[in-house]
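Commentary on secondary and tertiary structure
Residues per chain are reported as follows:
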Amino acid sequence: MASLVTDCCTLCNDDGTSTEAVRWCIECEVFLCIDCEKHHKKLRLSKAHNTISTKDYHNLPKFMQDISSQCRDHKKKYELYCSFHACPCCVMCITDKHQKCQEMKPLSDVLKQVKSSASVQLFEKDLKDVKENLEEIIKYLNRRINTSTEQKTKAAEQIRSMRKSIDDFLKKLEQEILNDLDSKQSKLKSKMNTLLQQLKTQANQMSQLQSDLSKMTEYATELQMYVGLRDIEKTTSQAAKYIEDLKSGGPLDEINLELTISSELQSILKDVKSFGDININTSPFTLQLKAVRKNQAQYLVPTIPTIEQIKPSFLRQLTIPQDRKFIDIRACTILPDGKYIILDYQIDKSYLLLFSKDGMFMREVVKFTGGSYNSCFVRNNTVAVALETERQIALVDVEKNKICKSINITHYCESVASDGQTLVISSGEEFSTIVNLNDMSHTILEGVVAYHVALFKGNIYSTIVMENKVYCYKSTGEALWTFMHDDIVLPRGITLDKNGFVYVVSERTNRVVVVSPDGKTCKIILSEADRIKSPYAIDIDRESGIMIVSGKISADNDDSEYETAFVYKL
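What comes next is a walk through the structure. (Residues numbered from 1 in each chain as written. Predicted model: local features only at pLDDT ≥ 70, side-chain atom pairs only at ≥ 80, totals over all residues. Heavy atoms only, no water.)

1. Overview of unusual backbone geometry
One non-glycine residue, I347, adopts positive backbone phi at about 50°. Here I347 lies in the loop between β9 (340-346) and β10 (349-355). You will see that N510, though not glycine, has its phi angle at about 55°, which is positive. As for its placement among the helices and strands, N510 is situated in the loop between β25 (502-506) and β26 (511-515). Judged by its relative accessible area of 12%, N510 is buried. (Helix = DSSP H or I, 4+ residues; strand = E, 2+ residues; numbered from the N terminus. Buried < 20%, exposed > 50% of the residue type's maximum accessible area, 1.4 Å probe, protein only.)

2. Quick look at the sheet that holds strand β19 (residues 442-446)
Whenever strands of a sheet pair, they do so through backbone hydrogen bonds, lying parallel or antiparallel. Read from one edge of the open sheet, 4 strands run β16-β17-β18-β19, paired in antiparallel fashion. The sheet is open, and its two edges are formed by β16 (415-418) and β19, each paired on a single side. Geometrically, the sheet is characterised by an average inter-axis angle of 20° between neighbouring strands, direction not taken into account. Where β16 meets strand β17 (residues 422-426), 4 bridges bridge the pair, whose relative direction is antiparallel. Its bridge partner being in β17, S418 is matched across the sheet by L423. (Pairing = 2+ DSSP bridges. Axes fitted to C-alpha atoms, helices over the stretch in contact; angles between N-to-C directions.)

3. Some thoughts on the pattern of salt bridges
If you walk through the whole model with that rule in mind, you get 21 salt bridges. One salt bridge in this structure joins D167 and R163, with 3.1 Å as the shortest N-O distance. You can see D167 and its partner R163 sitting in helix α7 (residues 118-219), 4 residues apart, about one turn around the helix. Across the pair D337 and K339 runs a salt bridge whose closest N-O atoms are separated by 3.1 Å. Under the relative-accessibility criterion, K339 is labelled partly exposed at 22%. Among the charged side chains, a salt-bridge network with shared partners connects R23, E37 and K41. (Salt bridge = Lys/Arg side-chain N within 4 Å of Asp/Glu carboxyl O.)

4. Brief notes about the environment of K569
Considering the arrangement of structural elements, one finds K569 in strand β30 (residues 561-569). You can call K569 partly exposed: its relative accessible area is 34%. The spacing of K569 and A331 is 238 residues in sequence and 19 Å in space, taken between C-alpha atoms.

5. Focus on the sheet that holds β25
Taken together, the 4 strands give an open sheet; going across it, the order is β24-β25-β26-β27, and neighbouring strands pair in antiparallel fashion. Edge positions in the open sheet fall to β24 (491-496) and β27 (522-526), since each of these has one partner strand only. This sheet shows a mean twist of 30° between the axes of neighbouring strands, independent of strand direction. Where β24 lies against β25, 4 bridges are found, and the strand directions are antiparallel. Along β25, the bridge assignment pairs T495 with Y503.

See the structure below:
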């Protein structure tokens, strides 16, 4: 539809006429007709300006058409770029909003070959990966909808099947008791019919005697009458005795059929409150998505500092609860939400402890039986803990306070590091192990010696305590460089910032030393003057530039010491 838009020449419009524009000046930000474009090309100030056709202008996304080369606040051309605020500035902006900004660059330097820079390809890849991730999630959710429908159908079938089973069972019980009722009533009826028949016989006999007595009275002689009465008396006496026997012997007792419903069956109506329960159970999201860079725009204007510019500023100290003053910190980790995880080692057990962003103790996450010397953040609220002698890596869900998976390793687990896709586990000997978290495959890297280990952009970094060395290896195990310096003695924890600078804790010299990415120079950034004493563990959140370092501190009320951790902003 853009081809149907008719633009008027800006210059002609200012003169009160409407002329169709054919070009757009990128730098003057005006539409030009054929005649005005000719004059525009002849003017000394504008002849070098780039112009595009109005058709190409309307092919730009709408939000880009609104991007101006002039400052909206001061109506002056952008000439500078503030790296701290990541925005273009005019000369007036410096005195207005950017007085304290140190990293101001000429805008022309920043914009050189932007279209052909590697960042464009990275953005294209990021957009492609994000789109594919969204499509995968859409497919996943559609599958889950279909699965939930299938689960509903299956549950309904189970309900109907259970109902049928109950019905069949009750019908069987019903038939059994009806059969028993018929049987007992038939026996009772048969018994009473037999008695009834006997009584009828006796009654008929009495009726016959009555008739005989009447005839005897009318026709019999005195002798006949005398003998006949004796016979009638005898028979009547027998019938009377038969009746007395019936009354006293029980045949005439009332016999009633009574039904007693099973108490178990009656309890169904009282105790069974529902047919069952429909529960919704949640399990962790397991779909593997492509990793996408965060804060991609920062890569358009790289601002890698020199090693001399690295100066940590103190933010806070973790508050250790009174009942945990004997804490022995072996690892400290910064979570993506800004909270802190501390690994406390206690000979025969270890604890993961969670602290808030403000450094306050929140809760114990997990307790391990057996010692652990190292842990690291993996992804999705998951922290990996190296269980040394158990030869296992425990993946802990920090939110649920439980171990969600255990990974068996063929050697002792000294240290562990992760980039979210893989784990590197050091053995303290002449090899280490890489675990692919997507398929859980294991790869042994011969020659990768490490006590403490870190990962950055596919390379493996390590410290060797007794040799006072820092190593950098390729992911294939090939050594890239080795670094030694008098400032690094008994190196322990190791980590890297977003620019590839290597941060090493030197326990013996009470220092934190930063090593250049090429492994050629170093600088002390924290020492005893900064209250650093017996440091051991270190971690950096590369997104925020927050660093945490463990160390000892004197107690307030006596001469004893206890361990804590200090937080800095790089």
